[in-house]
Number of protein chains: 2
Amino acid sequence: MLSPVITDTTRSPHSRLRPVAVNAVTLDDRVWSLFGRLNRFVILPYQYRQCEVTGRLENFRRAAAPSPQGEFQGLFFNDSDVYKWLEAASWTLASGENASVANMVDTAIGIVAAAQQPDGYLNTYFMFDRAGERWSNLTVYHELYCAGHLIQAAVAHKRATNRDDLLTIARRFADLICDTFGPEAAGKRPGTDGHPEIEMALVELYRLTGERRYLDQALYFIDARGHGLLGGAVYCQDETPFRQRHKLAGHAVRALYLCAGAADVYAETGETVLLEALERQWQHMTTRQMYISGGLGARHEGESFGDDYELPNDTAYAETCAAIASVMWNWRMLLLHGEARYADLMEHTLYNAVLPGLALDGQHYFYVNPLAADGTHRRQPWFNCACCPPNLARLLAQMPGYVYSVSDEGVWAHLYAQNDAQLTLTNGQTARLKQRTNYPWDGRIDLVVEGSGEFSLFLRIPGWCDGASLAINTQPFDGALTPGTYVEVRRQWQSGDRLRLTLPMPVRAVESHPRVTANTGRVALMRGPILYCVEAADNPGLNLDGLTLCDEPYDSSFFFNMLGAVIALHATAHTQPPAAPWGNELYRTTRLQATPETTQITAIPYFAWGNREAGPMQVWLRM
Amino acid sequence: MLSPVITDTTRSPHSRLRPVAVNAVTLDDRVWSLFGRLNRFVILPYQYRQCEVTGRLENFRRAAAPSPQGEFQGLFFNDSDVYKWLEAASWTLASGENASVANMVDTAIGIVAAAQQPDGYLNTYFMFDRAGERWSNLTVYHELYCAGHLIQAAVAHKRATNRDDLLTIARRFADLICDTFGPEAAGKRPGTDGHPEIEMALVELYRLTGERRYLDQALYFIDARGHGLLGGAVYCQDETPFRQRHKLAGHAVRALYLCAGAADVYAETGETVLLEALERQWQHMTTRQMYISGGLGARHEGESFGDDYELPNDTAYAETCAAIASVMWNWRMLLLHGEARYADLMEHTLYNAVLPGLALDGQHYFYVNPLAADGTHRRQPWFNCACCPPNLARLLAQMPGYVYSVSDEGVWAHLYAQNDAQLTLTNGQTARLKQRTNYPWDGRIDLVVEGSGEFSLFLRIPGWCDGASLAINTQPFDGALTPGTYVEVRRQWQSGDRLRLTLPMPVRAVESHPRVTANTGRVALMRGPILYCVEAADNPGLNLDGLTLCDEPYDSSFFFNMLGAVIALHATAHTQPPAAPWGNELYRTTRLQATPETTQITAIPYFAWGNREAGPMQVWLRM
């Protein structure tokens, strides 16, 4: 039995699609439902404890004293981790039955509330010895960034629980921010944050409350960039006005959060120039700057984008938060016009760039996600700069809301993952769907309609899928099933009507543009939406970097050691003995192998790497 | 019959070796003597004409007027090209018999002399509309750089001709510079040039004249760096004091010229801290920053060094001048202690990084030297910024002086190339040698001593050479012949004594350090000191980037289309059909080749590429 739909969102005027409530869909699939359960019962309690033991909650408690003593603990943006945790935990409350997390949420809200200052200001870094320095350095100190996370947590909490306590806190702070920052001509203080984030939050607050000033403020913060308020730094997204941009540059998470915020603003205002800037940047990103995983940000230096086609594998940065930010941006672009390319990239990034950041135990994380490793890069239980772990938690908590959307025409199926859904169409009609599938391990998806009514079902045909087929109650569908589009099936549905979508999933060898010199002569293996890698644990004693794939076809089989079961791939490869260890020399004479030996190799989903004993890993294999 | 030795240099007190005069050696080898002849009869007249038609000489003529009218033509450092040409041409006068170039030299000196201002100043860029701005921006305008080239030309002209006319001009300018620049405490103006060069020149002027102030001034210019006089820019070599440096950084030619100048200063002063800084930078360069060609400077941006191991092939910068600068630096390091590693790298760079910059016709040049090309990068007849062509000319003119040095012990054979030499030992004794060899195409070298006397012959055993053998008058030498060292043979020589050194030259497949991701899974072919490449002209219709080398051994044979004859290599390789053209996409599905086809491929010396029809070229082949 589905939980009742207790939250909803209104359609933005310039969006074709409307999101559905996070509890409108109950996942029971082979990947996300498992991580969702892990999130509720392991990750959220674990991260709450981390916020406690690292002093993140204590900063709020101590700031609540009339004259706070001592020093702020940790990094200046640590408040945001508490807010991100609160947002994540709140979303999970929408489906009820999570008493222990619900108690933690209430405790945390109480602690946060007590620290808020009389005028609404709330940032504990500026409540101890730096109490007099509020707003003194927006370039560095992330005050508006933290405020954004507070607002997002409050919106989630309100939507999930219909309670106002956290929302009241957030609105008071948002109002102070709107009163403070703006054009000089309006008697305000010009400024914008070194780290975009508040833009998305303010648009959501506008959607929830209907207060136009929040939307206007979001647009102000976007357009304040590129005029030197932040010293003109590309790192801080201040080099170029947003509307003039052609490519993402600087700090990857900042650039992507800003795009997500701008997409939110466009959905409400419909300003074409914003959409054009977004589309230019998306095109450039997907054709010049993106790892095959969907990961973004080639350079450790400045956590930033590199040059076009600069995509080294071993030294990739590809921060987990950047992948999450890409999902957020693509989701917003998808809602605008219902174009499958955004859903394709969202799904791809979820499996191949977001999930790798999370250990299968929920308690170890990658901040940095290389595509080739020598065994020294290991998952960590926490980070001093802990942006990624709670970002993963809040994304997992929202996953059910990403599966479908609705529009005036009907229901859009973006993601395939076994679930039951009860969706409210824009005309108030209810559509109940059951999705039955072993996707992503199998390409057969059955969609069963419960109840009756006339509406369209839009099914995504993934861009990677040639030869998709569709049957409705065993009758073949006679329209085109073009990869990278949605197919629309409109009819007067009768309860029990069944659509069977079949997406062939041969293993694909994927090559990259010749200017990506890191991948010259190499291919990566994919099957369906999943990117694969070889890891030492399955290929003991082999020199992974020296493997040369021989023949197609490849085998695939279930592999039962991870996440219940995942599909592993098997292939034949020529082997090379491990290279002799390198000293300091840059070049040395070698010998070609006259008659290479062949062996069977096993590849696992890239998202599952780094969960066993330390050892090398490689995505790109020689061909 | 050898020309008489008309010039000589004194040994620097901290150098073990002393250079020999440029006309002490007459080359008759298979590479350098051909280019030397090309230099005298084609390159120098051609470049003189270029200096004329591009206004470089005209700037001097017009600047000589009492009130120069009009505008300076070309780039602000264009005077230096005239000076470099004068230096190149002067060295060739040492061997006489070059009347037409001798006339051009006299004309050019007359033009330069007329433009010198009464106080000795001489830079035509600051003699027209910017006449009042002399010395106003050392960071950008290369005034001391141009002065350095004037001084080097004057030293060459004096050594080669024993005439004083150009030297007088240069000394007047050098004296003005010494009077002008120095520490504030000495009542002078602090400053150093954005582009190092004058340091080497001043040390040479000191060696020629014995005037200590020139040496002191060179050291002042080196130590003035790293204190913000040039804005602290790494590009201008102002980020770190030279003595503290651990690696080359910024603009490659500037960094290398500075090292060459510092090595010159060390040779005179023996300050250990300078030598240590030089050795650290040399170690770092050769193990982290150097193309297999010996080329230096990975990035177009700022013509600069990249990160460690950042050595992309298709986008390599590897400016011809940087290779020449590396030869200059290695030569100076070699003279200090007679260590073979410097001679090894000098020879390697000469063949594989300097020569590729020059077309076989002497009238087309590469400024940028990629190690992989798609056919669009073509040699040019000249450049707006024409630093490389006259730099090649002055290096070719000095080549005979690089073959041998002398020390208190005897004669050092650095380079192998057929020649006759008449060398003056430090005790005044004369040693006459004949070197007979087809090197670099063959590893057998006969050295015949003419005349008698007791001294040592030091023979370089190249670092790449395993299994060298040596016979003296057919008797096997019984000492060790360790690669990368000099073997000393001391005896009372009798006229006609013959040493036969045999250096085996199998084809070598060379791999690079795994952190050079551009070369993963690839090898480069070398034979003796020569680096090879495959070029479309010899391998029509093949996808060069897709070639996979099969088996050793390789064949080699003479190839008669270039430079008389060069050795080409032949190998068997698997082929792949040319990749389907790439559009804008970053990734695409591909198919592995089930049964690769094999073919014979031909590789030519990398230095000879780009001399025929346009087409792709590749140094690093898949293995």
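Residues numbered from 1 in each chain as written. Chains lettered and ligands numbered in written order. Predicted model: local features only at pLDDT ≥ 70, side-chain atom pairs only at ≥ 80, totals over all residues. Heavy atoms only, no water.

> Sorry, what's going on with the overall build of chain A here?
Each helix and strand counted, chain A has 13 helices and 23 strands in total. On C-alpha atoms alone, chain A measures out to a radius of gyration of 25 Å, which is about the 25 Å that the 2.2 N^0.38 rule sets for 623 residues. Counting only C-alpha atoms, chain A reaches 75 × 70 × 45 Å along its principal axes. The buried share of chain A, taken over its 623 residues, is 63%. Long-range pairs, those at least 24 residues apart, make up 68% of the contacts in chain A between residues at least 6 apart in sequence. Charge separation in chain A, taken as the distance between the mean sites of 53 positive and 67 negative side-chain charges, equals 2 Å. (Helix = DSSP H or I, 4+ residues; strand = E, 2+ residues; numbered from the N terminus. Rg over C-alpha atoms; globule rule 2.2 N^0.38 Å. Buried < 20%, exposed > 50% of the residue type's maximum accessible area, 1.4 Å probe, protein only. Contact = heavy atoms within 4.5 Å. Lys, Arg positive; Asp, Glu negative; His and termini not counted. Charge placed at Lys NZ, Arg CZ, Asp CG, Glu CD.)

> I would appreciate a short explanation of the packing of helix α9 (residues 252–269) of chain B against helix α11 (residues 320–337) of chain B in the present structure.
Packed helices, taken two at a time, are described by their axes: the angle between them and the distance between them. Residue and element names in this part refer to chain B. Running from N to C, α9 and α11 point in directions that differ by 20°, and their axes come no closer than 8 Å. Classified by the interaxial angle, the pair formed by α9 and α11 is roughly parallel. α9 and α11 meet at a crossing whose hand is left-handed. For the pair α9 and α11, the contacting residues are Ala252, Val253, Leu256, Tyr257, Cys259, Ala260, Ala263, Asp264, Tyr266 and Ala267 in the first and Cys321, Ala322, Ala325, Ser326, Met328, Trp329, Arg332, Met333, Leu336 and His337 in the second. (Axes fitted to C-alpha atoms, helices over the stretch in contact; angles between N-to-C directions. Parallel < 35°, antiparallel > 145°, perpendicular 65-115°, else oblique. Left-handed = near helix turned anticlockwise from the far one by under 90°.)

> Mind showing me how you'd approach the packing of aromatic side chains here?
Any aromatic ring pair is given by two values, namely how distant the centres are and how the planes are angled relative to each other. Residues and elements named next belong to chain A. For the coordinates displayed, the defined rule picks out 55 aromatic pairs over all chains. Measuring from ring centre to ring centre gives 4.9 Å for Trp282 and Tyr342, while their planes differ by 70°; the resulting arrangement is edge-to-face. Taken together, the positions of Trp282 in helix α10 (residues 272–289) and Tyr342 in helix α12 (residues 340–354) put the pair 60 residues apart, joining distant regions of the chain. Note on Trp282: relative accessible area 6%, which makes it buried. (Phe/Tyr/Trp six-rings, centres within 6.5 Å; stacked < 30°, edge-to-face > 60°.)

> Sorry, what's going on with the domain arrangement of chain A here?
All names here are of chain A. Segmentation of chain A into domains returns domain 1 (28–66 + 74–125 + 139–402), domain 2 (406–502) and domain 3 (507–622). For domain 1 versus domain 2, the distance between C-alpha centres works out to 31 Å. Carbon and sulfur atoms supply 57% of the area buried between domain 1 and domain 2, which totals about 1400 Å² over both sides. Here domain 1 and domain 2 share two salt bridges between them. Between Arg460 and Asp344 there is a salt bridge, with its nearest N and O atoms 2.4 Å apart. Seen at the junction of domain 1 and domain 2, the total is seven residue pairs in polar contact (both at pLDDT 80 or more). Per element, the largest residue contribution to the side of domain 1 that touches domain 2 is seven residues, and it comes from α12. Taken together, the residues that form the side of domain 1 that touches domain 2 break down as 10 nonpolar, one polar and six charged. (Domains from an automatic or database assignment. Buried area = accessible area lost by both parts, 1.4 Å probe. Salt bridge = Lys/Arg side-chain N within 4 Å of Asp/Glu carboxyl O. Polar contact = N/O pair within 3.5 Å; in protein donor to acceptor, adjacent residues only side chain to side chain. Nonpolar A, V, L, I, M, F, W, Y, C, P; charged D, E, K, R; others polar.)

> What exactly am I supposed to notice about the side chain of Arg612 of chain B here?
Residue and element names in this part refer to chain B. Among the structural elements, Arg612 can be located in the loop between β21 (597–605) and β22 (617–618). A polar atom in the side chain of Arg612 sits 3.0 Å from the side chain of Glu535. With residues up to four places along the chain from it excluded, the contact list for Arg612 reads Arg378, Glu535, Ala537, Asp538, Phe559, Met562 and Ile604.

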